[in-house]
Amino acid sequence: MTSESAIRESLPTGAVGRVQSVRMKGAVAILVVDAAGLTRPDAERLETEIRANVLRVDGVDDVRIALTAEKRERHIIAIGSGKGGVGKSTLTANLAVALAASGIRTGVVDADIYGPSQPTLLGTQDEKVVASADKVLTPTSSAFGVKTLSMGQLIEPGRAIAWRGPMVGGALTQLMEADWGDTEVLLVDLPPGTGDVQLTMLQKFRPSGAVVVSTPQDLALIDATRALDLFGQAKVPVLGLVENMAGYMCPHCGELSDPFGHGGAEAAAQALGHPFLGRIPLSIEIRLASDAGQPPAAQDTPQGEAFRAIAARIASVIRTVQAEGG
Ligand SMILES: Nc1ncnc2c1ncn2[C@@H]1O[C@H](COP(=O)(O)OP(=O)(O)OP(=O)(O)O)[C@@H](O)[C@H]1O
């Protein structure tokens, strides 16, 4: 009979300390391998090596390998909107900062091919992206504890329009399969609408959840409904809808007025059966701080609190899923 120790002895050096269990079922070896911290290509390489070595052990006809941590530990959350300019990138950066501050290791993939803005929002525009010999990128680190990579780091400014489907898919894959290390949550800032990036994201990387941003106007909400439909068709759970630019906070007297209306997103969320995650006021401080690479979520202000409250709701969903081992 094939012993587990014979299988363990056959394992490649890369598997040392990673094999959680080995058992035989008839002539089939079943291994559970911890892939935490490995990029997808590295995990696949390790799996191939383990399979080849174990198949050489006498009495083994087949090998089944379960890579555990890779799927369980990293949550991909897509942030989408129906149309541009509603504050999707601003929300993504600030949610990331607030999630990181709450102790969740967070990264941001800026997949907004037409207007990559995360390096500005997170103050990483002067950081150079490093690639290993096999083209695996190392994300840049921001001062707010958020790792980040952006399409803007792969595409020359102004060239995005010339990019076609496969190039876009390839670039997104490079960002998603970068060396994210022990990152637990990857927020993906999607371009507005429903194009190549969204399709690659949904088909290839299957986010564990999606957040949709809208301003309160009816037209923006109609577009947001399209984004919600896209996630619904791909069976990606919608974590909820966020209303941005809801109520104008006067910088002089602090009074709130409603230039774009108020509460439209909450009503739309209710009508469509999705959770409402909260609202962010239209505030000049948010724009100024964002342009200066100082995310409001890192500041002790009412605007910062609005972002933190939404992040806390998302964090509680993530923690529940983690606790359930999902
Ligand atoms: N709540 C807010 N108050 C004031 N300004 C805001 C607010 N949210 C976003 N902005 C500003 O609106 C502009 C558009 O925001 P942002 O880039 O986040 O939108 P987007 O939906 O990602 O747009 P795009 O599709 O062009 O990438 C930015 O100048 C940003 O600073």
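Definitions and cut-offs
All chains use their own residue numbering, which begins from 1 and follows the written sequence. Only residues with pLDDT of at least 70 are given local features in this predicted model, and only at 80 or more are side-chain atom pairs given and counted; all residues enter the totals for whole chains, interfaces and linings. UniProt positions are given in the numbering used here, feature names are shortened, and annotations may be inferred rather than shown by experiment. To decide whether a residue is near a molecule or strand, its C-beta atom is placed from the backbone and checked for lying within 6 Å of it. Put simply, DSSP marks the helices as runs of H or I at least four residues long and the strands as runs of E at least two long, and each gets a number from the N terminus on. By this definition, two strands are paired if DSSP reports at least two bridges between them. Put plainly, a residue is buried at 20 or more neighbouring C-beta atoms within 10 Å of its own, exposed at 12 or fewer, and partly exposed in between, counting only other residues' C-beta atoms, which are placed from the backbone. In this description, any two residues whose backbone-derived C-beta atoms lie within 7 Å of each other are considered to be in contact. Each axis is a line fitted through C-alpha atoms, and for a helix only the stretch in contact is used; angles between axes span 0 to 180 degrees, taken between their N-to-C directions. These descriptions rest on fixed angle ranges, namely under 35 degrees for roughly parallel, over 145 for roughly antiparallel, 65 to 115 for roughly perpendicular, and the rest for oblique. In this scheme, a crossing is called left-handed if the near helix is turned counterclockwise away from the far one by less than a right angle; it is called right-handed if the turn is clockwise. Just so you know the grouping, Ala, Val, Leu, Ile, Met, Phe, Trp, Tyr, Cys and Pro go in nonpolar, Asp, Glu, Lys and Arg go in charged, and all remaining residues, Gly too, go in polar. For the domains described, the bounds stem from an automatic or database domain assignment. Values of pLDDT, which run from 0 to 100, indicate the predictor's confidence residue by residue.

In the annotation of an unreviewed UniProt entry, the entry for the chain reads Iron-sulfur cluster carrier protein, and the organism field reads Paraurantiacibacter namhicola. The Sequence similarities (unreviewed entry) comment attached to the chain in UniProt states, word for word, "Belongs to the Mrp/NBP35 ATP-binding proteins family." According to the UniProt record, the Function (unreviewed entry) comment for the chain reads "Binds and transfers iron-sulfur (Fe-S) clusters to target apoproteins. Can hydrolyze ATP."

Enquirer: Which parts of the structure should I look at to understand the site of the ligand?
Expert: Taken together, 20 residues lie near the ligand, and Gly 84, Gly 87, Lys 88, Ser 89 and Thr 90 sit nearest. Contributing elements (two or more residues each) for the shell around the ligand: α4 (88-101), β12 (238-249), β14 (276-282) and α10 (284-291).

Enquirer: Where do I start with the pairing of strand β3 (residues 62-67) in this structure?
Expert: Residues in a regular strand point their side chains to alternate faces of the sheet. Here 6 bridges tie strand β2 (residues 28-33) to β3, and the two strands are oriented parallel to one another. Residue pairing for β3: Val 32 is matched across the bridge by Ala 66.

Enquirer: Would you mind showing me how to read the pairing of β14 here?
Expert: Within β14, 5 of the 7 residues are buried, leaving the element largely enclosed by the surrounding structure. The sheet contact formed by β12 and β14 spans 5 bridges and is parallel. Bridge pairing links Asn 244 to Ile 280 in β14.

Enquirer: Looking at this model, I keep getting lost on the environment of Val 188. Mind explaining?
Expert: The topology assignment puts Val 188 in strand β10 (residues 185-189). Look at Val 188 and you get buried, because 25 C-beta atoms sit within 10 Å. When the C-alpha atoms of Val 188 and Ile 310 are compared, they prove to be 16 Å apart, with 122 residues separating the residues in sequence. Contact partners of Val 188, with chain neighbours within four places excluded, come to Ile 76, Ile 77, Ala 78, Ile 79, Val 109, Ala 111, Met 201 and Pro 207.

Enquirer: Would you explain the sheet that holds β2 in this entry?
Expert: Adjacent strands of a sheet pair through backbone hydrogen bonds, lying either parallel or antiparallel. If you walk across this open sheet you meet the 3 strands as β1-β2-β3, and the pairing is mixed. Sheet topology places β1 (19-25) and β3 at the edges, where each strand pairs with a single neighbour. For this sheet, the mean inter-axis angle between neighbouring strands, taken without regard to orientation, is 15°. Helix α2 (residues 40-55) contacts β2 and β3 of the sheet and is inclined by roughly 150° relative to β3.

Enquirer: Any chance you could explain the packing of helix α6 (residues 165-176) against helix α7 (residues 196-205) here in plain terms?
Expert: The description of two helices packed together rests on the angle between their axes and the distance between the axes. Here α6 crosses α7 at 50°, and the two axes come no closer than 9 Å. Classed by the angle they form, the pair α6 and α7 counts as oblique. Between α6 and α7 lies a crossing whose hand is right-handed. In this structure, α6 uses Gly 165, Val 168, Gly 169, Leu 172, Thr 173 and Met 176 to contact α7, whose residues at the interface are Asp 196, Val 197, Thr 200, Met 201, Lys 204 and Phe 205. Looking at side-chain class alone, the contact of α6 with α7 contains 6 nonpolar, 4 polar and 2 charged residues.

Enquirer: Which parts of the structure should I look at to understand the domain arrangement of the chain?
Expert: Bring the parts together and some accessible area is lost; that lost area is often taken as the interface size. Domain parsing of the chain yields domain 1 (4-70) and domain 2 (74-323). One C-alpha centre belongs to domain 1, the other to domain 2, and the line joining them spans 37 Å. Taken together, the contact pairs 5 residues of domain 1 with 6 residues of domain 2. Of the residues belonging to the side of domain 1 that touches domain 2, the class tally is 2 nonpolar, 2 polar and 1 charged.

Enquirer: It is not clear to me how the confidence of the model for the chain should be interpreted in this structure. Could you clarify?
Expert: The predicted model of the chain has a mean per-residue pLDDT of 87, with 92% of residues at 70 or higher. Per-residue pLDDT, averaged within each element of the chain, yields its smallest value for helix α3 (residues 69-73) (54) and its largest for α4 (97). Confidence metrics for the complex model read pTM 0.78 and ipTM 0.98.

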